[in-house]
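Below, each chain spelled out in residue letters.
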Amino acid sequence: MAAPGKVAAFRLPPLPTIGEIIKLFRLKALKQLSQNFLLDLRLTDKIVKQAGELKNAHVCEVGPGPGGITRSILSAGVEQLLLIEKDARFIPGLQMLSEAAPGKVRIVHGDILTYKMEKAFPKHLKKSWDDEPPDIHIIGNLPFSVSTPLIIKWLENVSKRDGPFIYGRTQMTLTFQKEVGERLTANPGSSQRSRLSIMAQHLCTVENCFIIPGQAFVPKPEVDVAVVHFTPLVQPKIEQPFELVEKVVQSVFQFRRKYCFRGIETLFPENGRLKRTEQLMMTANVDPTLRPFQLSMSQFRNLCNAYRKMCDEDPSLFVFNYREELRQKKMTRSLLGSTGQPEQTEEENQL
């Protein structure tokens, strides 16, 4: 019997182990879906612990699979758990967990990339963006094939304060390939510094919590796995629309081994390209001979602000597409015939 004035901690009743669930429902990780099961409940508990205090919280777990992390989330005493699972083979095992935790679990058979998160949680949980994060968490051991497109989609949601961030600065605890985790948290000068580093760090505090060795998973992936925690910032470090920041950052990293001005050139049409590139770099006060991975966040902010000003003066700039220009040039070359035409450049090959 619980002590007076205290609520008894929630405990799952005895259940088959994750390994037994896999055998019971004849579950097999599908290579084409890049599935890897985590069976060690000490590790699933450790992942869930990185999310913070979950007692009475509302949680969305992405891709629960056979339910290892699900058990750890329920054991943390959450109020409600929303499970979004694309693979129908896992639903019966998850329903077994749902029955073991009456009224706590809602299962959605669907794709997280298309699922509308705006109505996933009760309205009363909403908090102002300036407040502390709401009592809502997103947790997931993501398949490698979906992890990068999904985090880019959620970062765009953070920028626009919609999707799961309509409730405020919802926190996320997610797994990635170790290399992707290193990119997400890489500092200026690091060889892992990339487009992903800038897009994540300008919108969130990003923490690489710990590494799970590949042998902990079934089947064993060829890489280790990073657990990464995201908390959206009250003020983004670059206060420009997501699409503009993404375009500038993507262009800068287009040729990551070359000087940064080479990537910045791709923001502008061939006619007047050099002059406009020089203008942008002078306005932003960025050394054109720095490599893309050497640029600081404030330098990216300056580049985005200067580019925004140029786009306001000439709206056709923002819709300019360098790849499309290359494609048109290639078509023209093929129509004219190759005689006397220059060979395809190294940059064109790289793109």
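Residues numbered from 1 in each chain as written. Predicted model: local features only at pLDDT ≥ 70, side-chain atom pairs only at ≥ 80, totals over all residues. Heavy atoms only, no water.

## Focus on the pairing of strand β4 (residues 105-109)
1) Next: Two elements, strand β3 (residues 80-85) and β4, share five bridges in a ladder whose sense is parallel. By the bridge assignment for β4, L82 is matched with R106. (Pairing = 2+ DSSP bridges. Helix = DSSP H or I, 4+ residues; strand = E, 2+ residues; numbered from the N terminus.)

## Considering the packing of helix α8 (residues 242-252) against helix α11 (residues 297-313)
1) Next: Packing of α8 against α11 leaves a shortest axis separation of 10 Å and a crossing angle of 115°. As α8 packs across α11, the resulting crossing turns out to be right-handed. Touching L244, V245, K247, V248, V249 and V252 of α8 are F300, L303, C304, Y307 and R308, all from α11.
2) Next: Residue composition of the contact of α8 with α11, grouped by class: nine nonpolar, no polar and two charged. (Axes fitted to C-alpha atoms, helices over the stretch in contact; angles between N-to-C directions. Left-handed = near helix turned anticlockwise from the far one by under 90°. Contact = heavy atoms within 4.5 Å. Nonpolar A, V, L, I, M, F, W, Y, C, P; charged D, E, K, R; others polar.)

## A closer look at the packing of aromatic side chains
1) Next: Considering all chains together, one arrives at five aromatic pairs under this definition.
2) Next: Ring centres of F176 and F230 lie 6.1 Å apart, and the angle between their planes is 70°; on these two criteria the pair is classed as edge-to-face. Of this pair, F176 sits in strand β6 (residues 171-177) while F230 sits in strand β9 (residues 225-232); the two residues are 54 residues apart in sequence, bridging distant segments of the chain. You'll find F176 and F230 in the same group, each marked buried.
3) Next: With centroids separated by 6.3 Å and ring planes inclined at 70°, the aromatic side chains of F268 and Y307 adopt a geometry described as edge-to-face. Placement of F268 in the loop between α9 (260-264) and α10 (273-284) and of Y307 in helix α11 is noted, with a sequence separation of 39 residues between them. Summarising the burial analysis for this pair, F268 and Y307 share the class buried. (Phe/Tyr/Trp six-rings, centres within 6.5 Å; stacked < 30°, edge-to-face > 60°. Buried < 20%, exposed > 50% of the residue type's maximum accessible area, 1.4 Å probe, protein only.)

## Some words on the sheet that holds β9
1) Next: Taken in spatial order, the seven strands make up an open sheet running β4-β3-β2-β5-β6-β9-β7, and their pairing is mixed. Both outer strands of the open sheet, β4 and β7 (204-212), are each paired with one neighbouring strand and no more. This sheet shows a mean twist of 20° between the axes of neighbouring strands, independent of strand direction.
2) Next: Sheet topology places β7 next to β9; eight bridges connect them, and they run antiparallel. Counterpart to E207 in the pairing with β9 is H229.
3) Next: In this fold helix α2 (residues 41-50) packs onto β5 (136-140), β6, β7 and β9, with an angle of close to 165° to the strand it touches most, β7.
4) Next: In this fold helix α4 (residues 91-100) packs onto β3 and β4, with an angle of close to 165° to the strand it touches most, β4.

## Concerning helix α6 (residues 178-185)
1) Next: For α6, the set of buried residues is V180, G181 and L184. Buried residues of α6, viewed axially, fall in a sector of 100°; they line one side.
2) Next: Contacts from the buried residues of α6 go to α5 (144-160), β6, α7 (195-201), β7 and β9. (Arc of directions from axis to C-beta.)

## Here we look at the packing of α2 against helix α3 (residues 68-75)
1) Next: For the pair α2 and α3, interaxial distance at closest approach is 8 Å and the crossing angle is 60°. The pairing of α2 with α3 is recorded here as oblique in orientation. In this structure, α2 crosses over α3, and the sense of that crossing is right-handed. Mapping the contact onto sequence places L41, T44, D45, I47 and V48 in α2 and G68, I69, S72 and I73 in α3. (Parallel < 35°, antiparallel > 145°, perpendicular 65-115°, else oblique.)

## Regarding the environment of L184
1) Next: Tracing the chain through its elements places L184 in helix α6.
2) Next: Looking at L184, the relative accessible area reads 0%, which means it is buried.
3) Next: In the structure, L184 is positioned 24 residues away from N208 in sequence and 8.2 Å away in space, judged by C-alpha atoms.
4) Next: For L184, the contacting residues outside a window of four places in its chain are F176, L196, S197, A200, Q201, V206, V228 and F230.

## A few points about α5
1) Next: A rise of 1.5 Å per residue sets the reference length of α5, with its 17 residues, at 24 Å; its end C-alpha atoms lie 25 Å apart and thus fit the reference within 8%.
2) Next: Among the residues of α5, F144, V146, S147, L150, I151, I152, W154, L155, N157 and V158 are the ones counted as buried.
3) Next: A positive backbone phi angle near 55° is found at R161, which sits one or two residues after α5. (Expected span 1.5 Å × (residues − 1).)

## As for the UniProt feature "binding site: S-adenosyl-L-methionine" (unreviewed entry) in the protein chain
1) Next: UniProt's entry tags N36, L38, G63, E85, D111 and N141 with the feature "binding site: S-adenosyl-L-methionine" (unreviewed entry), counted in the numbering of this structure.
2) Next: Looking at the element boundaries, L38 is found in strand β1 (residues 37-38).
3) Next: Residues in contact with L38, not counting those within four places in the same chain, are L43, T44, I47, G68, I212, A216 and F217.
4) Next: Inspection of the secondary structure assignment puts D111 in the loop between β4 and β5.
5) Next: Engagement of the side chain of D111 in a polar contact is seen with the backbone nitrogen of L113, the distance being 2.9 Å. (UniProt positions renumbered as here; feature names shortened; annotations may be inferred. Polar contact = N/O pair within 3.5 Å; in protein donor to acceptor, adjacent residues only side chain to side chain.)

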